[in-house]
Amino acid sequence: MHALDYIDPGTPAAPESEAARPVTVEIDGFSVTVPEGTSIMRAASMLGNQIPKLCATSSLKAFGSCRLCLVEIEGRKGYPASCTTTVADGMKIRTQSDKLGQLRHNVLELYLSDHPSEAECAASNNRCELHEMAAAAGVTESRYSLPRVDGVPAGCNHQHSVKDDSNPYFVFNQDACIVCSRCVRACDEIQGTFALTIEGRGFGSKVSASQSEPFLESECVSCGACVEACPTTALTEKSVLALGKPDRTVITTCAYCGVGCTFKAEVKGEQVIRMVPDREGHANHGHACVKGRFAYGYATHKDRITKPMIRAKITDPWREVSWDEAVNYAASEFKRIQAQYGRDAVGGITSSRCTNEETFLVQKLVRAAFGNNNVDTCARVCHSPTGYGLKHTLGESAGTQEFDSVMHADVIMLIGANPTEGHPVFASQMKRRLRQGAKLIIVDPRQISLVRTPHIQADYHLQLRPGTNVALMNSIAHVVVTEGYARGEYVTGRCEQDSWNKWKAFVSDPKNSPEAMEAVTGVPAMAVRGAARMYASAPNGAIYYGLGVTEHSQGTTMVMAIANLAMATGNLGRIGVGVNPLRGQNNVQGSCDMGSFPHEFSGYRHVSDDAVRALFESAWNVPLQSEPGLRIPNMFEAALDGSFRALYIQGEDIAQSDPNTQHVTAALSAMECIVIQDLFLNETAKFAHVFFPGSSFLEKNGTFTNAERRIGRVRKVMQPLGGLEDWEATVRFANALGYPMNYTHPSQIMDEIAALTPTFAGVTYEKLDELGSIQWPCNQHAPEGTPTMHIGEFVRGKGKFFVTEYVPTREKTTSRFPLLLTTGRILTQYNVGAQTRRTHNVVWHDEDRLEIHPHDADVRGILDGDWVGIASRAGETVLRAQVTERVQPGVVYTTFHFPESGANVVTTDNSDWATNCPEYKVTAVQVVKVNQPSEWQKRYRELTERNTRIRRGSDVHA
Amino acid sequence: MHTDYLVRMANDIGSFFASEPDPSVAAESIRQHIHRFWDPRMRARIVEYFKETGGVELEGPVRAAIQRLAEETAAKA
Ligand code: SF4
Ligand code: SF4
Ligand code: FES
């Protein structure tokens, strides 16, 4: 059922087009003007007249099957369905008459005759539109009901059929199904998975998941679109069944991926009953995925740490203390360490899982209260090359479009991204565009599901060897330039001529031709040529990319190569085109924008810029350093050499997420004071001395910025379990260090961000409330934000081409390490899994597996499900094998959602030349069949036991 | 800070500028990059390494870049 407060106009708005004329009609004597193409049902709804309906809902195309929405139109015969009939000038429509009443009565009686009673429906705590319609029409009984024997209808009916409760989040109760197809159509039109069908005909017709399978075993990806679309209690959230009806709604933003869906949290008291994606949400338009809609239970999981804790040594048990004691202890340790080892011996890490305000505050704490620039963020290990590459070529460290732009793309090039797993709601939108006929080029070493999925087949899948992105991109550029596809006029007008000439000469060199590069990339030259022509000759060519681009030793080079190609083909600066990084976590864009990098303030301004620094110095009332600080991997090196001793980490789990785990944990063990602020005792907390309980997105106010630069509000639904919102803990820490911070609400932090950051100058909480969300830049030139960047001119003035020579990674396969390991993500789990592992999502994915091609498995005697050891130059771990052709021979693949898998024990500390973003996507490994865990895993188990003991205090006060 | 680590990072930066035909332009670009993104203790350590060894493991224009960095540091001191 749709959101509590949603008034369903029944059919979607008419497709927007400049040619659409306004049409005026009269409905029950009232006149209304609507765009041409609008249904009578929607037009009536605009007058506040809700025509009875069952098979129609505004998120789906009109279907016209239930015949409840009939109307009379003056001068026309019969009773057309108002959902499928569109308005025409001068139409006079009647929605009520005796005849219409009779017809509807009859329809309702028929439906009711094979439907649970009103009381039975009400017992599910869900609404039932059928009973609502019947009540409105005054239908209380059905003439068609079967006679009852012992309370049971005697004769053919669907009552007491078997419930399907296999899905952990919703039940399908066929008794209440009216076969209106709303669920089937939701799965097709909104989600694009095509998991449901109406099986059988006539009386025997019923909704069926895949081939009559339970939902859990079917192709269903549990997005919940069908549950929301269902007009009856047939599909109902288990949380609604268990907890009752919600009584209020709070609009907020999902805390998982970079799509940043807007949700209505439906709440009873302080308890979330269900999350309903907001139809007004600009990023998601009412859709969501299994994580955002259903997997929020971690917020109240028993593993949450809700009391501050301290300990002198990491081998000691934790001791619960008051906030004051924890904060004062942390502050005294940081002061001691700075006095002993120097000002630069401490630092902080901000998180893409925290709000903009929290992130801004942590970097302020480091720069102003610690007095150095040793602050970094987890974007270091994911999208730092995006920031660097796009800033240098185009002038701004961000994606160029809004998500909706994809609906105008003619050719989509998807590089190193797997949106159906990582950015599911955007994937659904992209699939919608592809079903409308846009072409698709996939560049990926793996056979991701978009290569072939219902009603979609990629036109090209350039299945390159891991680590050869730049070689492939150069060969695509070679074709564009040498075959005359470059848009010379565009380039001359908008780009630096010198850089263009240099780049053109470079890519034209025969060494960069697809034929020459075939030996490197493994991609047939003809396919490269075909794909290059397809992208370059499209009216609108759009590039979308993910971590398969950035997490390489040439990550930045590849981002630049992408920007080069988009400039050369004129694919920047309007709707339908662009360079679009798909950010992993919800606030990757935001954490970068907020000045989390050690070399720059918010808005990407270098700390050495005297004018900018003066601005911050006067606002913060303290002198600031002009030299860059340490990046995360540098912090580890400095910790090992003794010059870096204390670290404040908000919302990150570097011991699990960063590469070469053994190196990271050695560095963490060498530090004297690590402060962790998190929801759970995470992997890094095993090496920590102070624990500040974190607050989940449901427990605080703030903003997140998604992958399209869209700033959305996070609104508090419940009180923080640990007593403080995350920003409040930072404020206390700063004050204890002697640097005063006096905020009482995050809106004041946003006001400070706006005052100090030109791209945020126009952002306020009031404006966010008014507009719903805002895409930065938002300032006097763009008071309502900027959906499309670089219109007319690039942010840097003239676009700059960079020569992008292919340099092979130093991570080479040898006879000792003959396979290439690459890593990725899965739909139901999120990042280090700390949240999703503590939800029912584990029914889909309860361990990380190693995907291996049948050929490679065969020569090693490995069968599906066998335990295999994976060894690299960095370390060794053990996982179970999944034998599949999704990976090519010579390549193996895994995810890193479970700490005990130790995927990052194997990854190395090779990194991107410009940003030190780790090369997660290429590790040379050997895989062998084993029958016991690796040495690291054994040590891991011991460490977990030893370093996570808690001595609970009984008299702790905040 | 391990010199191996710093040398490797410097050489990685150098590899991006390897296609620059003018070695002095390449050296200057590498110097600038290191100047803008390396924390002072890292720069000091690689300069020290350069002074001790002449920068034997630094590849191509990277050596000249570090030499410039050394001169810059000396001039500031
Ligand atoms: S939950 Fe989503 S994927 Fe599953 S059947 Fe419903 S609409 Fe389809
Ligand atoms: S995880 Fe991403 S796609 Fe899923 S609901 Fe949240 S923001 Fe939307
Ligand atoms: S609502 Fe129009 S036919 Fe069902």
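Residues numbered from 1 in each chain as written. Chains lettered and ligands numbered in written order. Predicted model: local features only at pLDDT ≥ 70, side-chain atom pairs only at ≥ 80, totals over all residues. Heavy atoms only, no water.

### Focus on the packing of helix H11 (residues 384-393) of chain A against helix H20 (residues 555-568) of chain A
Residue and element names in this part refer to chain A.
Step number 1: Packing of H11 against H20 leaves a shortest axis separation of 8 Å and a crossing angle of 40°. The orientation of H11 with respect to H20, classified from their angle, is oblique. Crossing handedness for the pair H11 and H20: right-handed. Along the contact surface, H11 presents Pro385, Thr386, Tyr388, Gly389, Leu390, His392 and Thr393, while H20 presents Gly555, Thr556, Val559, Met560, Ala563, Asn564 and Met567.
Step number 2: Counted by class, the contact of H11 with H20 contains seven nonpolar, seven polar and no charged residues. (Axes fitted to C-alpha atoms, helices over the stretch in contact; angles between N-to-C directions. Helix = DSSP H or I, 4+ residues; strand = E, 2+ residues; numbered from the N terminus. Parallel < 35°, antiparallel > 145°, perpendicular 65-115°, else oblique. Left-handed = near helix turned anticlockwise from the far one by under 90°. Contact = heavy atoms within 4.5 Å. Nonpolar A, V, L, I, M, F, W, Y, C, P; charged D, E, K, R; others polar.)

### Description of the site of ligand 1
Residue and element names in this part refer to chain A.
Step number 1: The local shell around ligand 1 consists of Phe170, Cys187, Gln191, Leu196, Phe215, Cys220, Val221, Ser222, Cys223, Gly224, Ala225 and Cys226.
Step number 2: Within the residue set of the shell around ligand 1, elements represented by two or more residues are helix H5 (182-191) and helix H6 (225-229).
Step number 3: Residue classes in the shell around ligand 1 are distributed as nine nonpolar, three polar and no charged. (Near = heavy atom within 4 Å.)

### Describing the side chain of A:Asp912
Residue and element names in this part refer to chain A.
Step number 1: Among the structural elements, Asp912 can be located in the loop between helix H30 (903-906) and strand S38 (923-929).
Step number 2: Of the side chains with opposite charge, Arg631 comes closest to the buried, unpaired Asp912, at an N-O distance of 6.9 Å.
Step number 3: Here the side chain of Asp912 touches Thr915 through a polar contact of 2.7 Å, side chain to side chain.
Step number 4: Here Asp912 is in contact with Pro385, His552, Ser553, Gln554, Gly555, Thr556 and Cys917, once residues within four sequence places are set aside. (Buried < 20%, exposed > 50% of the residue type's maximum accessible area, 1.4 Å probe, protein only. Lys, Arg positive; Asp, Glu negative; His and termini not counted. Salt bridge = Lys/Arg side-chain N within 4 Å of Asp/Glu carboxyl O. Polar contact = N/O pair within 3.5 Å; in protein donor to acceptor, adjacent residues only side chain to side chain.)

### Points about the sheet that holds strand S30 (residues 702-705) of chain A
All names here are of chain A.
Step number 1: Read from one edge to the other, the open sheet built from three strands follows the order S30-S31-S32, with strand pairing classed as antiparallel. Each end of this open sheet is capped by a strand with a single partner; those strands are S30 and strand S32 (773-775). Pairs of neighbouring strands in the sheet enclose a mean axial angle of 30°, with direction left out of account.
Step number 2: The pairing of S30 with strand S31 (residues 710-714) spans four bridges and is classified as antiparallel. Paired with Thr705 across the strands is Ile711, a residue of S31.
Step number 3: Sitting on the sheet, helix H10 (residues 356-370) is in contact with S30 and S31, with an inclination near 95° to S30. (Pairing = 2+ DSSP bridges.)

### Examining the site of ligand 2
Step number 1: Every residue lining ligand 2 is accounted for by A:Cys254, A:Tyr256, A:Cys257, A:Val259, A:Gly260, A:Cys261, A:Phe263, A:Cys289, A:Lys291, A:Gly292, A:Pro424 and A:Val425.
Step number 2: The residue makeup of the shell around ligand 2, split by class, is nine nonpolar, two polar and one charged.

### Re the confidence of the model for chain B
Step number 1: Per-residue confidence for chain B averages 91 on the pLDDT scale, and 99% of its residues sit at or above 70.
Step number 2: The ipTM value of the predicted complex is 0.95, and its pTM value is 0.93. (pLDDT = per-residue confidence, 0-100.)

### Some points on the pairing of strand S35 (residues 867-872) of chain A
Residue and element names in this part refer to chain A.
Step number 1: Counting buried positions over the six residues of S35 gives five, a clear majority of the element.
Step number 2: Bridge analysis of S35 against strand S36 (residues 876-883) gives five bridges, and the strand direction is antiparallel. Bridge pairing in S36 places Gly869 opposite Val878.
Step number 3: Linking S35 back to S36 in an antiparallel pair, the connection comprises three residues.
Step number 4: Direction of pairing for S35 relative to S38: antiparallel, over a ladder of five bridges. Looking across to S38, one finds that Gly869 is bridged to Val928.

### Quick word on the sheet that holds strand S18 (residues 411-415) of chain A
Residue and element names in this part refer to chain A.
Step number 1: Taken together, the five strands give an open sheet; going across it, the order is S22-S19-S18-S23-S24, and neighbouring strands pair in parallel fashion. Strands at the two margins of the open sheet, each flanked by one partner only, are strand S22 (460-462) and strand S24 (579-581). Strand-to-strand twist of the sheet, defined as the mean angle between neighbouring strand axes without regard to direction, takes the value 15°.
Step number 2: As judged from the three bridges shared by strand S19 (residues 439-443) and S22, these two strands associate in the parallel manner. Each bridged residue has a counterpart across the sheet, and for Ile442 the counterpart in S22 is His461.
Step number 3: Against the sheet, helix H13 (residues 424-435) makes contact with S18, S19 and strand S23 (541-545), and its axis sits at roughly 145° relative to S18, the strand it touches most.

### Brief notes about the interface of chain A and chain B
Step number 1: Across the boundary between the two partners, chain A contributes 32 residues, which contact 23 residues of chain B.
Step number 2: Here chain A packs against chain B, burying approximately 2,400 Å² in sum over the two surfaces, 52% of which is carbon and sulfur.
Step number 3: Across the chain A-chain B interface, the total number found is four salt bridges.
Step number 4: Among the ionic pairs, B:Arg8 bridges to A:Asp909, the shortest N-O distance being 3.6 Å.
Step number 5: Only H20 and helix H23 (632-640) of chain A provide two or more residues apiece to the side of chain A that touches chain B.
Step number 6: For the side of chain A that touches chain B, the leading source of residues is H23(A), giving four residues.
Step number 7: For the side of chain A that touches chain B, the per-class residue count stands at twelve nonpolar, eleven polar and nine charged. (Buried area = accessible area lost by both parts, 1.4 Å probe.)

### Some thoughts on the environment of A:Ile826
All names here are of chain A.
Step number 1: Structurally, Ile826 is set in the loop between strand S33 (819-824) and strand S34 (849-852).
Step number 2: Classification of Ile826 by relative accessible area gives partly exposed; the value is 26%.
Step number 3: Between the C-alpha atoms of Ile826 and Lys767, which are 59 residues apart in sequence, the distance is 36 Å.
Step number 4: When sequence neighbours within four positions are dropped, the list of residues in contact with Ile826 reads Glu421, His845, Thr895 and His897.

### Here we look at the pattern of salt bridges
Residue and element names in this part refer to chain A.
Step number 1: Taken as a whole and judged by the stated rule, the model has 54 salt bridges over all chains.
Step number 2: The partner of Glu672 in a salt bridge is Arg645, with the nearest N and O atoms 3.0 Å apart. With Glu672 in the loop between helix H25 (661-669) and strand S28 (673-678) and Arg645 in the loop between H23 and strand S27 (646-650), this residue pair connects regions lying 27 residues apart in the sequence. Accessibility assignment for this pair places Glu672 and Arg645 in one class, buried.
Step number 3: The partner of Arg880 in a salt bridge is Glu847, and the shortest N-O contact between them spans 2.5 Å. Of this pair, Arg880 sits in strand S36 while Glu847 sits in the loop between S33 and S34, and the two are 33 residues apart along the sequence.
Step number 4: Look at Arg880 and you get partly exposed, because its relative accessible area is 24%.
Step number 5: Salt bridges sharing partners connect three or more residues here, namely Asp8, Lys53, Glu129 and Arg182.

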